[in-house]
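Overview (structure and organization)
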Amino acid sequence: MLALVQQGKLSLDEDVNLKLKSWKVPENEFTREQKVTLRRLASHSAGLTVHGFPGYDIDEKVPTLVQIFNGEKPANTAAIRVDFVPGTDERYSGGGITIEQQLMIDVSGKAFPELMKETVLDKIGMSDSSYQQPLPPARAAITAGGAYGDGKAVHGKWHVYPEMAAAGLWTTPTDLAKFAIEIALAKQGKSHKVLSQTTVQEMLKPQSKDFGIGFGLSKDRPENLGITGPTKDFKRCS
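Here goes a summary of the coordinates provided.

How each quantity is defined
Residues numbered from 1 in each chain as written. Predicted model: local features only at pLDDT ≥ 70, side-chain atom pairs only at ≥ 80, totals over all residues. Heavy atoms only, no water. Helix = DSSP H or I, 4+ residues; strand = E, 2+ residues; numbered from the N terminus. Buried < 20%, exposed > 50% of the residue type's maximum accessible area, 1.4 Å probe, protein only. Core = buried A, V, L, I, M, F, W, Y, C linked by side-chain atoms within 4.5 Å. Contact = heavy atoms within 4.5 Å. Phe/Tyr/Trp six-rings, centres within 6.5 Å; stacked < 30°, edge-to-face > 60°. Polar contact = N/O pair within 3.5 Å; in protein donor to acceptor, adjacent residues only side chain to side chain. 1 Å grid on protein atoms, 1.4 Å probe; cavity = no way out; pocket = protein on both sides within 12 Å on 5 of 7 lines; lining within 4 Å. Points joined across faces, edges and corners; volume = space filled by probe spheres on them. Nonpolar A, V, L, I, M, F, W, Y, C, P; charged D, E, K, R; others polar.

Looking at unusual backbone geometry
- Note that the residue after Lys73, namely Pro74, is joined by a cis bond; omega there is 10°.
- Within the secondary structure layout, Pro74 lies in the loop between α3 (65–70) and α4 (94–108).
- With omega at -5°, the peptide bond leading from Gln133 into Pro134 counts as cis.
- Mapped onto the secondary structure, Pro134 falls in the loop between α5 (112–121) and α6 (137–140).
- In this model, His44 sits at a positive phi of 55°, which is unusual for a non-glycine residue.
- Classification of His44 by relative accessible area gives buried; the value is 5%.
- With a phi close to 70°, Val50 is a non-glycine residue in the positive phi region.
- Looking at the secondary structure, you find Val50 in the loop between α2 (38–42) and α3.
- Accessibility expressed as a relative area gives 15% for Val50, which makes it buried.

Focus: the nonpolar core
- Of all hydrophobic cores here, the largest spans 47 residues; its most connected members are Met1, Ile99 and Met203.
- For this core, the element with the highest residue contribution is α5, accounting for 5 residues.
- The residues contacting Met203, other than those within four sequence positions of it, are Leu2, Ile183, Leu195, Gly212, Ile213 and Phe215.

Considering the environment of Val50
- Considering only alpha carbons, one finds Val50 and Gly96, 46 residues apart in sequence, at a separation of 8.0 Å.
- Once you skip the residues sitting within four places of it in the chain, Val50 turns out to touch Thr77, Ala78, Ala79, Ile80, Ser93, Gly94 and Gly95.

A closer look at the packing of aromatic side chains
- Enumeration over the complete set of coordinates arrives at 5 aromatic pairs.
- Ring centres of Tyr92 and Phe211 lie 6.3 Å apart, and the angle between their planes is 45°; on these two criteria the pair is classed as tilted. Linking Tyr92 in the loop between α3 and α4 with Phe211 in the loop between α9 (197–203) and β1 (216–217), this pair joins segments that are 119 residues apart in sequence.
- Each ring, one from Phe179 and one from Phe215, has its centre 6.1 Å from the other, and the planes form 35°; the classification is tilted. You can see Phe179 sitting in helix α8 (residues 173–187) and its partner Phe215 sitting in the loop between α9 and β1, a full 36 residues away along the chain.

A look at the side chain of Ser130
- Assignment of secondary structure puts Ser130 in the loop between α5 and α6.
- Its relative accessible area of 6% is what places Ser130 among the buried residues.
- Within the structure, Ser130 has its side chain in polar contact with the backbone nitrogen of Gln132 (distance 3.0 Å).
- Not counting residues within four places of it along the chain, the set of residues in contact with Ser130 comprises Leu121, Arg139, Gly168, Leu169 and Trp170.

Quick look at the layout of surface pockets
- Of the pockets and cavities examined, the second largest pocket occupies roughly 180 Å³.
- As for the second largest pocket, its lining consists of Asp128, Ser129, Ser130, Leu135, Arg139, Ile142, Thr143, Trp170, Thr171 and Thr172.
- For the lining of the second largest pocket, the per-class residue count stands at 3 nonpolar, 5 polar and 2 charged.

If you want it as structure tokens, here you go:
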């Protein structure tokens, strides 16, 4: 997303509805004065609902992004809507990140896996990573299967996530380390394969209570960044 901002195709602080084509964030009493922006989406302060996504069984029909946004079948999550004034609070929203996905598709005209591959993954050597959902057979054959908390295997090895930006990255520890290293180097001005030093420094500034642009930030350890999952994990990036 920030690469598209650098290219002038997106703006962090404009109403996302100005460039969304396939769907618009529904206006309501909460958006009269304050709008949903990329900065707010990426810092989980846009007022949007739907924390996360359970995915879809490999044999289930997968909804379109518009069906997901509107909570329409076969989507298995509620409609994604603004329910507090954007910019006034923070709440994690995978729904908001999925709106980012649609915006990136709309302005680039490219499928999300293709866009991510050429914009980020290939540029930093993440050759074992993909946003393809479901995985093509060659990759699926070498990918670990999932299991539930009780040890039962997930049917078909894993679920399918059309909400790719929020939940759809397939990667390895080595590739994920390459991503973190590139951010650290770019922050120091030692690399600019994807983002400039100025952009990365902006990304790692506090934007809301716990987030920069995309990353969780530690108040006690400002040199650290993190990603959120079942637990929050901070990694040094100095």
